[in-house]
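Structural description and commentary
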Amino acid sequence: MTKELEQLDKEYVLPTYGRNYVNFVKGDNATLFDENGKDYIDFTSGIGVVSAGHGNKRVGKKIAEQVGNITHISNLFLIEPQAKLAEKIVKLSGYDMRCFFANSGAEANEGAIKIARKYGELNGEQKKYKIITLVNSFHGRTISSLKATGQPDMHQTYFGPYPDGFIYAKDLDEVLSLVDDKTAGVMIELIQGEGGVTALDKDKVQKLAEELKKRDVLLIIDEVQTGGYRTGEFLASNAYEIDPDIITLAKGIGGGVPIGVVMTKHKDVLSPGDHGSTFGGNYLSTAASLEVLEILEEEYKKDTFSKNIEIFDTYLKGFAEKFDNLFDGTSGNGLIRGLGGKSAETQQKVITEAFNEGVLVLKAGKNRVRFLPPLTITEEEIKEGMKRFEKALTTI
Ligand SMILES: *Cc1c(COP(=O)(O)O)cnc(C)c1O
């Protein structure tokens, strides 16, 4: 079967991904099964998406009920689960904000850029439009979010021209020196995900937040990868104890149903007609997300995440020590973690050998191996996955 499907994929799907041709047919929490019945421990959760696990029965039931009734009406009408999800997200965040619903992380970031630029138009002596981001950041694949992504080698000229006004700071220390009277916002990930699982320094982030407030430059936190309890708290911003102007969410809050959120405390900047989305916030995605967040909130209260974080941490630190021929240390925090491979070659070998042993891990940046397990992963699944991972490491 896989061979035939591989052929279909190669014939009809555009080749934008370097695909691994395995055919997964069943999922159960952090365990996936391929068509031959081989099982894999999933330390990727579909790149930080299925936080409540594969095949989650509660999420499945909720989605089935919702789809069997109303899937989509449009944003021209009140959408009950959307209003309830907005309340849920705002209350869990602890910030005094309102939400707009989109369908992906990139789209949420587009919304954030629009809010910051309109705020800059309304609140500057002259139009403020520049957005500062960090080198090695990742903010999406649309033309503007790609330009916001601080990886110049991704700004292929054949996609140009790009929108103006994106400036890259090489690190947090450089941000303030780049702020001028045309700067509308600074957009950062508190833990860079795709760029290499690098956590920013809390003190520095707090100082930057304070300084930006004084200069009336908006602080945008891209929590597309870190939001939804990935770090152990609902938002990484909570753990960093900052008070951002705008936060974006996506990946982990919809259980695999596409959803993006931009939330802001500047509640009146956008007016009717300024922004919109046909699918964004529909019954399907918001009912699914509401159920996912309820499950995650319950698990958070039961300390499931903090326990998992501790077990993960012990294993990863152990591997960094034992296999210091391959790795130069661990990075990240919560359940967004990295093992620093000594080269891009090591990174690729580790991912391939791990797959062969039946455990899925991701790459991040040029040489790190990234772990984004379902937050609901069980202790047995972690132990089994780590046993396989260690076996893979010994073969390299
Ligand atoms: C994945 C990611 C995005 C892009 O999200 P999409 O849903 O793929 O558009 C943006 N920012 C961060 C931090 C991400 O990890």
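You'll find the structure just up there.
In short, a report on the structure. (Residues numbered from 1 in each chain as written. Predicted model: local features only at pLDDT ≥ 70, side-chain atom pairs only at ≥ 80, totals over all residues. Heavy atoms only, no water.)

**A look at the overall build of the protein**
Scanning the protein from N- to C-terminus turns up 13 helices and 17 strands. The buried share of the protein, reckoned over its 396 residues, is 52%. Intrachain contacts of the protein at a sequence separation of at least 6 include 71% that bridge at least 24 residues. Summing over all exposed atoms, the protein offers an accessible surface of approximately 18300 Å²; the carbon and sulfur share of this is 52%. Taken together, the 49 basic and 58 acidic charged side chains of the protein have centroids lying 1 Å from each other. (Helix = DSSP H or I, 4+ residues; strand = E, 2+ residues; numbered from the N terminus. Buried < 20%, exposed > 50% of the residue type's maximum accessible area, 1.4 Å probe, protein only. Contact = heavy atoms within 4.5 Å. Areas by Shrake-Rupley, 256 points an atom, 1.4 Å probe, with all protein chains shown as cover. Lys, Arg positive; Asp, Glu negative; His and termini not counted. Charge placed at Lys NZ, Arg CZ, Asp CG, Glu CD.)

**Concerning the site of the ligand**
In the vicinity of the ligand, 13 residues are found, and the nearest of them are G105, A106, D222, Q225 and K251. One of the backbone N or O atoms of F138 is found 3.2 Å from a nitrogen atom in the ligand. Between the ligand and Q225 there is a distance of 2.7 Å, counted from an oxygen atom to a side-chain nitrogen or oxygen. Coverage of the ligand by the protein chains reaches 83% of its 380 Å² of free accessible surface. Its residues assigned to classes, the shell around the ligand shows three nonpolar, six polar and four charged. (Near = heavy atom within 4 Å. Polar contact = N/O pair within 3.5 Å; in protein donor to acceptor, adjacent residues only side chain to side chain. Nonpolar A, V, L, I, M, F, W, Y, C, P; charged D, E, K, R; others polar.)

**Concerning the sheet that holds strand β15 (residues 359-360)**
Overall, mixed pairing links the four strands, which are arranged β1-β2-β3-β15 in an open sheet. Each end of this open sheet is capped by a strand with a single partner; those strands are β1 (24-28) and β15. For strand β2 (residues 31-34) and strand β3 (residues 39-42), the ladder comprises three bridges, and the chain directions are antiparallel. By the bridge assignment for β3, T31 is matched with I41. (Pairing = 2+ DSSP bridges.)

**What about the nonpolar core?**
Counting 79 residues, the largest nonpolar core has F43, I89, I188, L339, F371 and F389 as its most contacted members. Considering each element in turn, this core owes the most residues, seven residues, to helix α11 (residues 304-322). Apart from residues lying up to four places away in sequence, I89 is in contact with C99, F101, F234, L249, I253, V261, M263 and L293. The next biggest cluster of nonpolar side chains, apart from the first, holds 15 residues, and it includes I131, A148, L218 and I220. (Core = buried A, V, L, I, M, F, W, Y, C linked by side-chain atoms within 4.5 Å.)

**Observations regarding the pattern of salt bridges**
What the rule picks out here adds up to 33 salt bridges. K130 is paired through a salt bridge with D180; the nearest N and O atoms lie 2.6 Å apart. With K130 in strand β5 (residues 130-134) and D180 in the loop between α7 (172-178) and β7 (183-188), the pair connects residues that are 50 residues apart, well separated along the chain. The buried category is assigned to K130, whose relative accessible area is 16%. (Salt bridge = Lys/Arg side-chain N within 4 Å of Asp/Glu carboxyl O.)

**Side note on the sheet that holds strand β17 (residues 368-371)**
Strand order in this open sheet of four strands is β13-β14-β17-β16, and the pairing throughout is antiparallel. The open sheet is flanked by β13 (327-333) and β16 (362-364), the only strands paired with a single partner. Taking each pair of neighbouring strands and ignoring which way they run, the sheet shows an average axis angle of 30°. As paired elements, β13 and strand β14 (residues 336-341) share five bridges and run antiparallel to each other. (Axes fitted to C-alpha atoms, helices over the stretch in contact; angles between N-to-C directions.)

**Observations regarding the environment of S306**
Among the secondary structure elements, S306 is positioned in helix α11. Residue class for S306 comes out partly exposed when judged on its relative accessible area of 38%. Counting along the chain gives 79 residues from S306 to G385, while the straight-line C-alpha distance between them is 18 Å. Of note is the side chain of S306, whose polar atom sits 3.1 Å from the backbone oxygen of D303.

**Some remarks on the pairing of β14**
For β14, the buried fraction is high: six of the six residues fall into the buried class. Residue alternation in β14 divides its side chains into two sets, I336, G338 and G340 and R337, L339 and G341, and both sets are buried. Two successive antiparallel strands, β13 and β14, enclose a turn made up of two residues, where G334 displays a positive phi of approximately 60°. Across four bridges, β14 lies against β17 in antiparallel orientation. Each residue of the ladder has a partner; that of G338, found in β17, is R370.

**Focus on the packing of aromatic side chains**
A full pass over the atoms with the stated rule returns 13 aromatic pairs. On the basis of an interplanar angle of 80° and a centroid distance of 4.9 Å, the ring pair of Y158 and F159 is categorised as edge-to-face. Owing to a relative accessible area of 60%, Y158 belongs among the exposed residues under this scheme. Judged by its relative accessible area of 44%, F159 is partly exposed. Between Y229 and Y300 the ring centres are 5.1 Å apart and the planes differ by 40°, which places this aromatic pair in the tilted class. Of the two residues, Y229 is situated in the loop between β10 (218-222) and α9 (236-240) and Y300 in helix α10 (residues 283-301); the sequence distance between them amounts to 71 residues. Three or more aromatic residues joined by ring pairs form one cluster here, namely F43, F312, Y315, F319, F323, F371 and F389. (Phe/Tyr/Trp six-rings, centres within 6.5 Å; stacked < 30°, edge-to-face > 60°.)

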